[in-house]
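Structural overview for review
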Amino acid sequence: MQGAPISRRFPAALAAAGLVATLTACSPAPEAGDTGTPGTFSVWDPYPQFDAGSAWAKVIDECGAEAGVKIERQAYDTTDLTTKVLLAAQQRTAPQVLVLDNPVVSTLAEAGVLKANQDVGLDASQASPNLVSAGVQGGQGYGVPIGANTLALYYNKAVLTAAGVDPASVKDWASLDAALVKVKAAGKKGITFSAIGTEEGTFQFLPWFWGADANLTELSSVDAVSALSLWKSWLDTGHAPNSVVNNTQTTSWQEFATGEYAFAENGTWQLQNAKKAGFEYGVIPIPGRTGAAAPAPTGGEFVTVTAQDNRDTEAKAGRIATCLTGPDKVMATDTALTYVSAVPSVQQQQVAAQPELAVWVEAVKGAKSRTGDDLGTRYPRISQPLWGAVQAALSGSKTPAAALADAQAAAASAK
């Protein structure tokens, strides 16, 4: 990783993180392998909510002990983690093992920050192929998914019962629209979701986009326009609140938690909050336009190995990563994270322990990687214009067709 100017070494990663000026001004790199106390390995993850006494931290320590090393763990917010890893890679102080959000894997792999699985003995074959695909770049696999989350529709049982709606009847967009009409007639609110102008907004829009058979390489297609027109129609009819334009997935959940809404699009991470909401709830798949469940995007992290100057170090890091994602360890981690396991056999154990996870397991089985379909590092350059189009259409500044046409033009010209 020495020699080339930083702006050439990490072009896509720097463009995504806006770090060119920062990294160009970095001080000279310290010696390779200077990642902390001698004789230790570093693990960085995006789980600051878990302290040293958590089940996750204990699993890390166990895996370090099995590899014969002491682990120094650092936890950062997801956005901060990507920035800090790029800085550390330039300074040659990157952690040996890195746990990161799945859409970022291809960007860091292309930048040369990560090692391919085959080079470090990391095996992703036990994980479901649709989840593994997020870590494929240039035909090579990078890392193993530690678990997955995705999206579905939570519903308030009392609201639907009062409106005379059977949640099992919601099978497509037409039946969902019909349910929303009944809910409004009964004096309650319809559906809430997040359409904020960030990746969260794209994440929430994708099930409707893919559920219309739209493709991320053709943002202005008739199918794509139909998905955005659906969302716009809900604001126009009052089935969804105007607040969705600014809603994060957290604030959208808070709206649902008032007990006034029939439906909320949200993820597995809200299950504990759902149990505390004070009303009976259920979960159904997000319907496709003409029936069947729509593919939802996969969330969750990959455990990866970073490029080091020492092959033995990389191989040992591979053993630690293998341990962290092994079926005998990952059940505790996925339970703590409220994730569906990436390993089918562990998924079965989860459903046996918590039957309410069955809907989520099926949703994960049908989920799609955002960087799949060979998009890789192109995905961020598509996602940003897409969430901009959603914002423009829902705010009324552009029609759905015009907004998506502009988004397609922007995505095509992005470098």
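What you are looking at is a predicted structure, and each value in this text was computed from that prediction instead of being measured.

This paragraph deals with the environment of Phe203. Along the chain, Phe203 turns up in helix α11 (residues 199-211). Classification of Phe203 by relative accessible area gives buried; the value is 5%. With near-sequence residues (within four places) excluded, Phe203 lies in contact with Asn149, Leu151, Gln249, Trp269, Pro297, Thr298, Gly299 and Arg370.

A separate point is the state of the cysteines. Following the criterion strictly, the structure yields one disulfide and no others. Put simply, Cys63 and Cys323 are joined by a disulfide, and their sulfur atoms are 2.1 Å apart. Residues Cys63 and Cys323 are joined by a disulfide whose S-S torsion is about -75°; by sign, that bridge is left-handed. Of this pair, Cys63 sits in helix α4 (residues 55-67) while Cys323 sits in helix α15 (residues 311-324), and the two are 260 residues apart along the sequence. What makes Cys63 buried here is its relative accessible area of 1%.

Turning to the side chain of Thr338, a few remarks are in order. Structurally, the position occupied by Thr338 is in the loop between α16 (327-337) and α17 (344-353). By relative accessible area, Thr338 is classed as buried at 17%. Setting aside residues no more than four positions away along its own chain, Thr338 makes contact with Thr268, Trp269 and Leu271.

So, on to the sheet that holds strand β3 (residues 97-101). An order of β2-β1-β3-β11-β6 is seen for the five strands of this open sheet, with the pairing classed as mixed. Looking at strand neighbours, the two that pair on one side only are β2 (70-75) and β6 (144-145), the edges of this open sheet. Bridging between β6 and strand β11 (residues 301-305) involves two bridges; their strand directions are antiparallel. When the bridges of β11 are listed, Val144 appears paired with Val303. Each of β1 (40-45), β2 and β3 is contacted by α4, which is oriented at about 145° to β2, the strand it contacts most.

A word on the sheet that holds strand β9 (residues 261-267). Spatial ordering of the open sheet is given by β8-β9-β7-β10, a layout of four strands whose pairing is mixed. Every other strand in the sheet has two partners, leaving β8 (189-192) and β10 (281-284) as the edge strands with one partner each. Pairwise comparison of adjacent strand axes, ignoring direction, gives a mean angle of 25° for this sheet.

Along the chain, Gln204 turns up in helix α11. Owing to a relative accessible area of 0%, Gln204 belongs among the buried residues under this scheme. A polar atom in the side chain of Gln204 sits 3.1 Å from the backbone oxygen of Glu265.

This next bit is on the packing of aromatic side chains. Per the counting criterion, the structure on display carries 15 aromatic pairs. Their ring planes at 50° and their centres at 5.6 Å tell us that Tyr154 and Trp360 sit as a pair that is tilted. Taken together, the residues span a long stretch of sequence, with Tyr154 in strand β7 (residues 151-156) and Trp360 in helix α18 (residues 358-365) at a distance of 206 residues. One exposure class covers both Tyr154 and Trp360, and it is buried. Ring-pair connections join several aromatic residues into one group, and the members of that group are Tyr154, Trp253, Phe256, Phe279, Tyr281 and Trp360.

Turning to unusual backbone geometry, a few remarks are in order. Phi is positive for Ala292, which is not a glycine, with a value near 65°. Within the secondary structure, Ala292 sits in the loop between β10 and β11. Ala292 gets classed as exposed once you look at its relative accessible area, which sits at 60%.

The first and last C-alpha atoms of α11 sit 18 Å apart over 13 residues, in line with the 18 Å expected at 1.5 Å per residue. Of all the bends found along α11, the most pronounced is centred on Phe205 and spans about 40°, while Pro207, a proline, follows it within four residues. For α11, a buried count of eleven out of 13 residues is recorded, marking the element as mostly surrounded by other parts of the structure. Here α11 has its buried residues at Gly201, Thr202, Phe203, Gln204, Phe205, Leu206, Pro207, Trp208, Phe209, Trp210 and Gly211. Turning to α11, the residues buried within the fold contact β7, α10 (173-185), α12 (222-237), α13 (249-256), β9 and α19 (379-395). A positive phi of about 70° marks Asp213, the residue just after α11.

One finds Phe193, Trp208, Phe209, Leu216, Trp231, Trp234 and Phe263 to be the most contacted residues of the largest nonpolar core, which totals 56 residues. Counting only elements with at least two residues in this core, the list comes to β7, α9 (157-163), α10, α11, α12, β9, α19 and α20 (400-413). Contacts of Trp234, omitting those with residues within four sequence positions, involve Leu176, Asp177, Leu180, Ile191, Phe193, Trp208, His239 and Ala240. Within the second largest apolar cluster, 51 residues are counted, among which are Phe50, Phe279, Ala321 and Trp360.

About the thresholds
Residues numbered from 1 in each chain as written. Predicted model: local features only at pLDDT ≥ 70, side-chain atom pairs only at ≥ 80, totals over all residues. Heavy atoms only, no water. Helix = DSSP H or I, 4+ residues; strand = E, 2+ residues; numbered from the N terminus. Buried < 20%, exposed > 50% of the residue type's maximum accessible area, 1.4 Å probe, protein only. Contact = heavy atoms within 4.5 Å. Disulfide = S-S within 2.5 Å. Pairing = 2+ DSSP bridges. Axes fitted to C-alpha atoms, helices over the stretch in contact; angles between N-to-C directions. Polar contact = N/O pair within 3.5 Å; in protein donor to acceptor, adjacent residues only side chain to side chain. Phe/Tyr/Trp six-rings, centres within 6.5 Å; stacked < 30°, edge-to-face > 60°. Expected span 1.5 Å × (residues − 1). Bend = angle between axes of the 7 residues up to and from the residue. Core = buried A, V, L, I, M, F, W, Y, C linked by side-chain atoms within 4.5 Å.

As far as function goes, none of this settles anything; it's purely spatial.
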